[in-house]
Amino acid sequence: MRDNELEIVQSTNKKPKPQTDQLAFGKTFTDHMFVMDYAADKGWHHPRIVPYEPITLDPASMIFHYGQTVFEGLKAYRSKDNRILLFRPDKNLQRLNLSSDRLSMPTIDETLVMNGLKRLIHLEQDWVPSSEGTSLYIRPFIIGTEASLAVAPSQSYKLMIILSPVGSYYSKGIRPVSISVESQFTRAVKGGTGTAKTAGNYSSGYKAHAKASHEGNDEVLWLDGVEKKYIEEVGSMNIFFKINGEVVTPALNGSILDGITRRSIIELLEEWDIPVVERRISIDELYQAYDECRLEEAFGTGTAAVISPIGELNGSERKVIINDGQTGELSKKLYDTLTGIQTGRLEDSHGWTVEVK
Ligand code: COI
């Protein structure tokens, strides 16, 4: 077998599929996974689909010590006529490479990995759920595997793609979430790793999340790390506000994640001739818009979260109830349109969906 030829080893011990009305986010995994290795002298090699199982790593593997890892999140959807659709998967693999570059990790051949990903989804197609609001979440990730405590890039890596049938990311479903405005901790700063999808950006937020959750919130709203003044993003989503008929989202400034759902929403709004701007927006400007009754809607966007209406923003001295805590008209229309395209219910005039055959 050539080093880049895909090997497929089928599982002989298939798991029962979960009930689709009881899917939590990322708790159940399918029967197979995609794996590929990297060695400095060989490059990426030995792509394979193998039974899903625990892996063995040396305790000195560099991932455990300095966190050299990147990941992605995308979804496969089942259409009413039983087709399996991926949503803009090319964008995820491009971003994986951008993240890898930031973490001094080797980039992948996007075509080769896309091919492996499609073969994996094809093999696991019975795991793609069909009920409303469900999908098969796809998690590609890369870890540094060299056994070394040197503070330097690993010389070997493992790329894996695992799959998990999922329901709603938030336990509330599509009901509006409460967000706490974080004034103490910081997610990222310009020049840091904020635009990369890497583990530390998430685990460093757990402390703020625990505080927010203790106070009854679902998520944290991050402000910029320097002045604690400008709005950046939410724990697992980008954020949008509708103010006086115009939709505003923080501009990509070097510390915000370039979300694929974010981009898609901007494109839809432009197409609908709804004014949308990417710019710096401060939390004070938002409070002022609220006080002047100009803040009409707020919602988060992300692969996992889809479109999540925001009903409440809780600052240390402010409570902002948006649209009476109800899902806004625009949030609902965006949710219906995006999920319609993703699941093949609506025509995909953008060429965003890719069918797995
Ligand atoms: C996603 O939306 O796919 C994410 O990566 C967010 C989160 C689950 C980490």
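Being a predicted model, the structure only gives us computed values, none of them experimental.

*Asks:* Describe the domain arrangement of the chain, listing the residues and the values that go with them.
*Replies:* Taken as a whole, the chain is organised into domain 1 (7–166) and domain 2 (177–342). Here the C-alpha centroids of domain 1 and domain 2 sit 27 Å apart. The interface is formed by 20 residues belonging to domain 1 together with 21 residues belonging to domain 2. Of the roughly 1,800 Å² buried between domain 1 and domain 2, counting both surfaces, carbon and sulfur atoms make up 59%. By the criterion of area lost to domain 2, the three top residues of domain 1 are Phe71, Phe87 and Arg95, representing 34% of everything that side buries. Counting across the domain 1 and domain 2 interface gives one salt bridge. Between Glu267 and Arg88 there is a salt bridge, with its nearest N and O atoms 3.5 Å apart. Contributing elements (two or more residues each) for the side of domain 1 that touches domain 2: strand S4 (69–71), strand S5 (74–78), strand S6 (84–87) and helix H2 (89–102). Counting residues per element, the side of domain 1 that touches domain 2 draws most heavily on H2, at five residues.

*Asks:* I'd love a proper account of the packing of helix H6 (residues 260–271) against helix H8 (residues 329–342), names of residues and values included.
*Replies:* Packing of H6 against H8 brings their axes to within 11 Å, and their N-to-C directions diverge by 110°. Our classification of the angle between H6 and H8 gives roughly perpendicular. For the element pair H6 and H8, the recorded crossing hand is right-handed. In this structure, H6 uses Thr261, Ser264, Ile265, Leu268 and Leu269 to contact H8, whose residues at the interface are Leu330, Leu334, Thr337, Leu338 and Ile341. Partitioning the contact of H6 with H8 into residue classes produces seven nonpolar, three polar and no charged.

*Asks:* Please set out the side chain of Ser11 residue by residue, giving values where relevant.
*Replies:* Looking at where Ser11 falls in the secondary structure, it is placed in the loop between strand S1 (7–8) and strand S2 (32–39). Judged by its relative accessible area of 11%, Ser11 falls in the buried class. A polar contact of 3.1 Å, which involves the side chain of Ser11, links it to the backbone nitrogen of Asn13.

*Asks:* For the site of the ligand, give the residues involved together with the corresponding values.
*Replies:* Around the ligand, the neighbouring residues are Phe25, Phe71, Gly73, Tyr137, Arg139, Tyr169, Lys197, Tyr202, Ser236, Thr303 and Ala304. Between the ligand and Thr303 there is a distance of 3.3 Å, counted from an oxygen atom to a backbone nitrogen or oxygen. Contact distances for the ligand include 2.9 Å between an oxygen atom and a backbone N or O atom of Ala304. Protein contacts shield 91% of the accessible area of the ligand, which totals 280 Å² for the unbound molecule. Looking at the shell around the ligand residue by residue, the class counts come to six nonpolar, three polar and two charged. Here the shell around the ligand gathers at least three residues from each of two domains, domain 1 (7–166) and domain 2 (177–342).

*Asks:* Residue-level account of the environment of Glu219, with values.
*Replies:* With respect to the helices, strands and loops of the structure, Glu219 is situated in strand S10 (residues 219–223). For the pair formed by Glu219 and Gly235, sequence separation is 16 residues and the distance between their alpha carbons is 6.1 Å. When near neighbours in sequence (up to four residues on either side) are disregarded, Glu219 contacts Tyr169, Tyr170, Ser178, Ile179, Ser180, His209, Ala212, Val234, Gly235 and Ser236. Reaching out from Glu219, the side chain makes a polar contact with the side chain of Ser236 at a distance of 2.8 Å.

*Asks:* Tell me what's going on with unusual backbone geometry, and back it up with residues and numbers.
*Replies:* Even without being glycine, Ser104 reaches a positive phi, approximately 55°. Position of Ser104 among the secondary structure elements: in the loop between H2 and helix H3 (110–123). Positive phi, close to 60°, is recorded for Cys293, a residue that is not glycine. Mapped onto the elements of the fold, Cys293 is located in the loop between helix H7 (283–291) and strand S15 (295–302). Owing to a relative accessible area of 70%, Cys293 belongs among the exposed residues under this scheme.

*Asks:* Break down the pairing of S15 for me, citing the residues and quoting the values.
*Replies:* Judged by how many residues are buried, S15 sits mostly within the fold: seven of eight residues are covered. The pairing of strand S12 (residues 238–243) with S15 spans six bridges and is classified as antiparallel. Bridge assignment links Ile239 to a residue of S15, and that residue is Gly300. Two successive antiparallel strands, S15 and strand S16 (residues 306–314), enclose a turn made up of three residues.

*Asks:* Report on the pattern of salt bridges, specifying residues and quantitative values.
*Replies:* Enumeration over the complete set of coordinates arrives at 18 salt bridges. Across the salt bridge formed by Glu312 and Lys319, the nearest N and O atoms sit 3.0 Å from each other. One continuous salt-bridge network, built from bridges that share partners, spans Asp37, Arg48 and Lys158.

*Asks:* How would you explain a nonpolar patch on the surface if you had to name every residue and give the values?
*Replies:* Taken together, the side chains of Tyr66, Leu149 and Val151 make up a nonpolar region of the molecular surface, amounting to roughly 350 Å² of accessible area. In this fold, Leu149 is placed in the loop between strand S7 (135–144) and strand S8 (156–166). The class of Leu149 is exposed, set by a relative accessible area of 55%.

*Asks:* Summarise H2; cite the residues concerned and give the values.
*Replies:* The terminal C-alpha atoms of H2, which comprises 14 residues, lie 20 Å apart, in line with the 20 Å expected from a rise of 1.5 Å per residue. Of the positions making up H2, those classed as buried are Pro89, Lys91, Asn92, Leu93, Arg95, Leu96, Asn97, Ser99 and Ser100. One or two steps after H2, the chain reaches Ser104, where phi turns positive at roughly 55°.

About the cut-offs
Here, residues in each chain are numbered from 1, in the same order as that chain's written sequence. In keeping with the predicted nature of the model, local features appear solely for residues at pLDDT of at least 70, side-chain atom pairs appear and are counted solely at 80 or more, and the whole-chain, interface and lining totals rest on all residues. Side-chain calculation: all heavy atoms of the structure are included, whereas hydrogens and water are not. An automatic or database domain assignment is the source of the domain bounds shown. Contacts: residue pairs with any heavy atoms within 4.5 Å of one another. Two parts placed together each lose some accessible area; with a 1.4 Å probe, that loss summed over both constitutes the buried area. For this document, the term salt bridge refers to a Lys or Arg side-chain nitrogen within 4 Å of an Asp or Glu carboxyl oxygen. Note on conventions: DSSP H or I runs of at least 4 residues are helices, E runs of at least 2 residues are strands, and numbering of each starts at the N terminus. Working convention: axes come from line fits to C-alpha atoms, limited for helices to the stretch in contact. Angles between N-to-C directions cover 0 to 180 degrees. An angle below 35 degrees is treated as roughly parallel, one above 145 as roughly antiparallel, one from 65 to 115 as roughly perpendicular, and anything else as oblique. Crossings are assigned a handedness: left-handed for a near helix turned anticlockwise from the far helix by less than a right angle, right-handed for a clockwise turn. Side-chain classes are defined by residue name, with Ala, Val, Leu, Ile, Met, Phe, Trp, Tyr, Cys and Pro counting as nonpolar, Asp, Glu, Lys and Arg as charged, and the others, Gly among them, as polar. Working definition: with a 1.4 Å probe on protein chains only, accessible area under 20% of the residue-type maximum means buried, over 50% means exposed, and in between means partly exposed. The definition of a polar contact used here is a pair of N or O atoms within 3.5 Å, where within protein one atom must be able to donate a hydrogen and the other to accept one, and adjacent residues in sequence count solely through side-chain atom pairs. We call a residue near a given molecule or strand whenever any one of its heavy atoms falls within 4 Å of it. Note on areas: these come from Shrake-Rupley sampling with a 1.4 Å probe, and a residue is covered only by the protein chains present in the view. By definition, two strands form a pair when at least two bridges between them are found by DSSP. Patch definition: residues with relative accessible area over 30% and no salt bridge; like charges joined within 9 Å; nonpolar side chains (Val, Leu, Ile, Met, Phe, Trp, Tyr) joined within 5 Å. A helix is expected to reach a length of 1.5 Å times the quantity of its residues less one.

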